[in-house]
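# Architecture at a glance
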Amino acid sequence: MKGLEPDIVPSTFEENLDFYQFPDPHEYPVATATHKAVEVYEKLVREDPDNAPDLVIAADTVVLTHPQPVTSDISYSMLPPTPQELLEKPTSKEDNMRMLLDLNGNVSYPILTAPGYNIKSIDERTLVHFVDSPKHVIEAYVDSGEGIDRAGGFAIQGLGGVLVRKIEGDYNNVVGFPAASFFTLLDLLVDEDPDFLEV
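The name given to the protein chain in an unreviewed UniProt entry is dTTP/UTP pyrophosphatase, with the source organism recorded as Psilocybe cubensis.

Structure representation (structure tokens):
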């Protein structure tokens, strides 16, 4: 077995789906990643119809504020209404500051999904608990510019790690790609079709 030798093909999908049209917020990144995968697949088939790709991997990461408890003795109807806000990449330093002040001292869900061949998908969720940081620390982080191109406006693997108290779940999901879950999915695909990817 020689392993995977991926080609990186950027998607040109505009990522302009309406978050509020999805009844479950976790469906939004799944749909975005699916559109990215289909767009790349169709482009590659158009360019070389006799050499269609065996596997297309696409991913999308979003951060949702105010997650509902996974398990609780309290009925959802008794919980105070707290709408979840979608945090994608900040549009400016001011937007980055707003996001981080909202996350400050709270918990968020980075969600990354990776649909593969035949539009199979994984939905990996990680809870991120933020330190209740003083405002000047958040301002210094925003001024560093590190979070401006990151979903949720922070990079846990960089300076943004000082804003995080702990995580529950896959650290790699927060950084960018849940490899363990992906390889579990890949094993399932191979089990379903032993000739898949000629592994």
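Position of H26 relative to the elements: it lies in the segment before helix 1 (27–47). Within the structure, H26 has its side chain in polar contact with the side chain of R125 (distance 3.3 Å).

Another point: the side chain of E39. The residue E39 is located in helix 1 in this model. Within the structure, E39 has its side chain in polar contact with the side chain of S11 (distance 3.1 Å). If we ignore the near neighbours within four places in the chain, the residues touching E39 are S11, T12 and F13.

With that settled, the discussion passes to the nonpolar core. Counting 18 residues, the largest nonpolar core has L100, L103, F130 and F154 as its most contacted members. Counting residues per element, the ones that place at least two in this core are helix 2 (93–103), strand 5 (127–130) and helix 3 (135–144). With 4 residues, the single largest contributor to this core is helix 2.

So, on to helix 3. Buried within helix 3 we find I138, Y141 and V142. The buried residues of helix 3 occupy one face: seen down the axis, they fall within an arc of 100°. Turned more than 90 degrees from where helix 3 packs its buried face, H136 and D143 sit exposed. Packed against the buried residues of helix 3 are helix 2.

A few words now on the packing of aromatic side chains. This model, assessed by the stated rule, comprises 6 aromatic pairs. Plain terms: the ring middles of F19 and Y28 are 5.4 Å apart, the flat faces sit at 90° to each other, and that makes the pair edge-to-face. In this structure, F19 and Y28 share a single accessibility class: buried. Through pairs of rings, three or more aromatic residues link up here, namely F19, Y20, F22 and Y28.

This part is about the pattern of salt bridges. Evaluated as defined, the whole model comprises 6 salt bridges. The salt bridge partner of R98 is E85, with a shortest N-O separation of 2.8 Å. Note that R98 is positioned in helix 2 and E85 in the loop between strand 1 (60–65) and strand 2 (86–87), a separation of 13 residues in sequence. Overall, the relative accessible area of 25% leaves E85 in the partly exposed class. Between R125 and D123 there is a salt bridge, and its shortest N-O distance comes to 3.0 Å. Each member of the salt-bridge network shares a partner with another, and the members are E15, K36 and D60.

Judged by which residues are buried, strand 5 turns out to be covered on both faces: L127 and H129 on one side and V128 and F130 on the other are all buried. Note that strand 5 and strand 6 (residues 164–168) share 4 bridges and pair antiparallel. For H129, the partnering residue across the bridge sits in strand 6 and is K166.

Looking now at unusual backbone geometry. Look at E15: it is not a glycine, yet its phi comes out positive at around 55°. One can find E15 in the segment before helix 1. The partly exposed category is assigned to E15, whose relative accessible area is 35%.

What counts as what
Residues numbered from 1 in each chain as written. Predicted model: local features only at pLDDT ≥ 70, side-chain atom pairs only at ≥ 80, totals over all residues. Heavy atoms only, no water. Helix = DSSP H or I, 4+ residues; strand = E, 2+ residues; numbered from the N terminus. Polar contact = N/O pair within 3.5 Å; in protein donor to acceptor, adjacent residues only side chain to side chain. Contact = heavy atoms within 4.5 Å. Core = buried A, V, L, I, M, F, W, Y, C linked by side-chain atoms within 4.5 Å. Buried < 20%, exposed > 50% of the residue type's maximum accessible area, 1.4 Å probe, protein only. Arc of directions from axis to C-beta. Phe/Tyr/Trp six-rings, centres within 6.5 Å; stacked < 30°, edge-to-face > 60°. Salt bridge = Lys/Arg side-chain N within 4 Å of Asp/Glu carboxyl O. Pairing = 2+ DSSP bridges.

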